[in-house]
Amino acid sequence: MLARLPVVGGIEHTFGHAPPAEGFFSRLAARVQQHQWLVAITVTAVLVVLALPSLRMVLVSSGIELLPEDAEQRVTVESIAEVFPAGASPQVRVVAMAGTPGLDALADEVVAIDGVDPVNPPREQGDVVVLDVFTVGDGQGTEAQQVVVDFRDRAGEAEVWVTGRAASLVDFVDTIAAQAPLALGLLAVATFVLLFLLTGSVLIPVKALVMIVLSLGASFGALVWIVQDGRAESLLDYSSVGGIEAVIPLFVFAFAFGLAMDYEVFLLSRIKEFHDSGLDNDEAVRAGLQRTGRVITSAALIIVVVFAGFVVGDLLVIKETGVALAIAVVIDATLVRILLVPATMTLLGEWNWWAPAPLRRFHARFGLRESDEAPAPAAQPPAQSRV
């Protein structure tokens, strides 16, 4: 009965569970294929522009600033800090064993560092001496982190330790930077192997990785523009702390990469199925997008609604998560899956399915497929395309 209504019936026809052989997504793919260069260049340029703000992302480790400005807890803490400034928590705290020689000179070294504002006199706490260091500004940006780095350079081999939010953030970022190449390398290799086993191609996995990087970069850029720059403070009810919480990029990367790969595998498996059945590359792209467009779009819509619900949370870190993941899914399900994938696969043509002879034989034996029937031979680029 609902399907007979004018508006609801149209929605059901477009996003129903049984897509026709020809429909909205196949027609859109055909239009994209007619303007493949224009679509590929335009969409890539849009993603690059969106990603540019991510180059100036500032990682922070916030405390009470995560709460809304009118939250009772934040108002109480800030009021106490205003009335009793001496009791405020320092951005940097230096700890040394009691009796360590040169502590007075070390305190003078701290005061001489650029960005240091007041330094409380050293105080003994049991077996250690504690030196509280306050930095210029709110301590959420690069000032406090630079103070930590400069102090560690000046301290040399002295038995002193630096703690506090700024020091923890510096150590966190350094650890991520040290481990990221290995982690990203393993992820890229695993992705390449999976997509090769699925498609028998060496070009499609590389192209997929490049598009995922563009999509994630655009998502991070939009997050910086919206949250770090405070472009939507009144709309989303938050106050910017001048940066992005340090855990957010890792969290968003993990979720967004997984979702992007999910959509990629789902779409490519259908395109490969149609191509193996005898359709040429362009026909297989149109058929695959038509058969998967409804499911991918519907799934993306559900996920966007879920992540958009995070935006109404009070904690800023929850809002950042919702904004970043919602944008990532929207970009991947629209600009990438519906426009960039068909455009680039049309540009490559039959080269999409190329692989060296040894890898073709490996895929014929170990490749992923849905049936036990003998696999069709991997397609090769037409002879006239070879130079």
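The structure we're discussing is the one just above.
Residues numbered from 1 in each chain as written. Predicted model: local features only at pLDDT ≥ 70, side-chain atom pairs only at ≥ 80, totals over all residues. Heavy atoms only, no water.

Nonpolar side chains in soluble globular proteins tend to end up buried together. With 69 residues, the main nonpolar core has Ile226, Val329 and Met345 as its most contacted residues. Secondary-structure elements contributing two or more residues to this core are α2 (24–34), α3 (36–51), α7 (165–199), α8 (203–228), α10 (247–276), α11 (281–310) and α12 (316–348). In terms of residue count, the dominant contributor to this core is α12 (17 residues). Ile226 has contacts with Arg231, Ala232, Leu236, Tyr238, Val323 and Ile327, leaving out every residue within four places of it along the chain. (Core = buried A, V, L, I, M, F, W, Y, C linked by side-chain atoms within 4.5 Å. Buried < 20%, exposed > 50% of the residue type's maximum accessible area, 1.4 Å probe, protein only. Helix = DSSP H or I, 4+ residues; strand = E, 2+ residues; numbered from the N terminus. Contact = heavy atoms within 4.5 Å.)

A separate point is a nonpolar patch on the surface. A cluster of nonpolar side chains, namely Leu2, Leu5, Val7, Val8 and Ile11, defines an oily patch on the protein surface of about 470 Å² accessible area. Mapped onto the elements of the fold, Ile11 is located in helix α1 (residues 6–15). (Patch = residues over 30% accessible without salt bridge, like charges linked within 9 Å, V, L, I, M, F, W, Y side chains within 5 Å. Areas by Shrake-Rupley, 256 points an atom, 1.4 Å probe, with all protein chains shown as cover. Salt bridge = Lys/Arg side-chain N within 4 Å of Asp/Glu carboxyl O.)

Let us look at the environment of Ser168. Mapped onto the elements of the fold, Ser168 is located in helix α7. A relative accessible area of 44% means that Ser168 is categorised as partly exposed. For Ser168 and Val92, which are 76 residues apart along the polypeptide, the C-alpha to C-alpha distance reads 9.6 Å.

Turning to unusual backbone geometry, a few remarks are in order. Only a minority of non-glycine residues have a phi that is not negative, and only a minority of peptide bonds are not trans. Not every positive phi belongs to a glycine, and Asp237 is a case in point at roughly 60°. Relative to the assigned elements, Asp237 resides in the loop between α9 (233–236) and β7 (244–245).

So, on to the side chain of Ser215. In this fold, Ser215 is placed in helix α8. Accessibility expressed as a relative area gives 4% for Ser215, which makes it buried. Not counting the four nearest positions on each side in its chain, Ser215 is found in contact with Ala328, Ile331, Asp332 and Val336.

The α-helix advances 3.6 residues per turn, and as a result positions three or four apart in sequence lie on the same side. The terminal C-alpha atoms of helix α6 (residues 142–155) lie 20 Å apart, and with 14 residues this matches the ideal 20 Å at 1.5 Å per residue to within 8%. Within the sequence span of α6, burial applies to Ala144, Gln145, Val147, Val148, Phe151 and Ala155. Buried residues of α6, viewed axially, fall in a sector of 155°; they line one side. Facing away from the buried side of α6 by over 90 degrees, the exposed positions are Thr142 and Asp153. (Expected span 1.5 Å × (residues − 1). Arc of directions from axis to C-beta.)

A separate point is the pairing of strand β2 (residues 92–97). The pairing of β2 with strand β5 (residues 128–135) spans 6 bridges and is antiparallel. Looking at β5, one finds that Val95 is bridged to Val130. Both β2 and strand β6 (residues 160–163) contribute to a ladder of 4 bridges, which runs antiparallel. Residue Ala96 lies in a different strand from β6, and its bridge partner there is Val160. (Pairing = 2+ DSSP bridges.)

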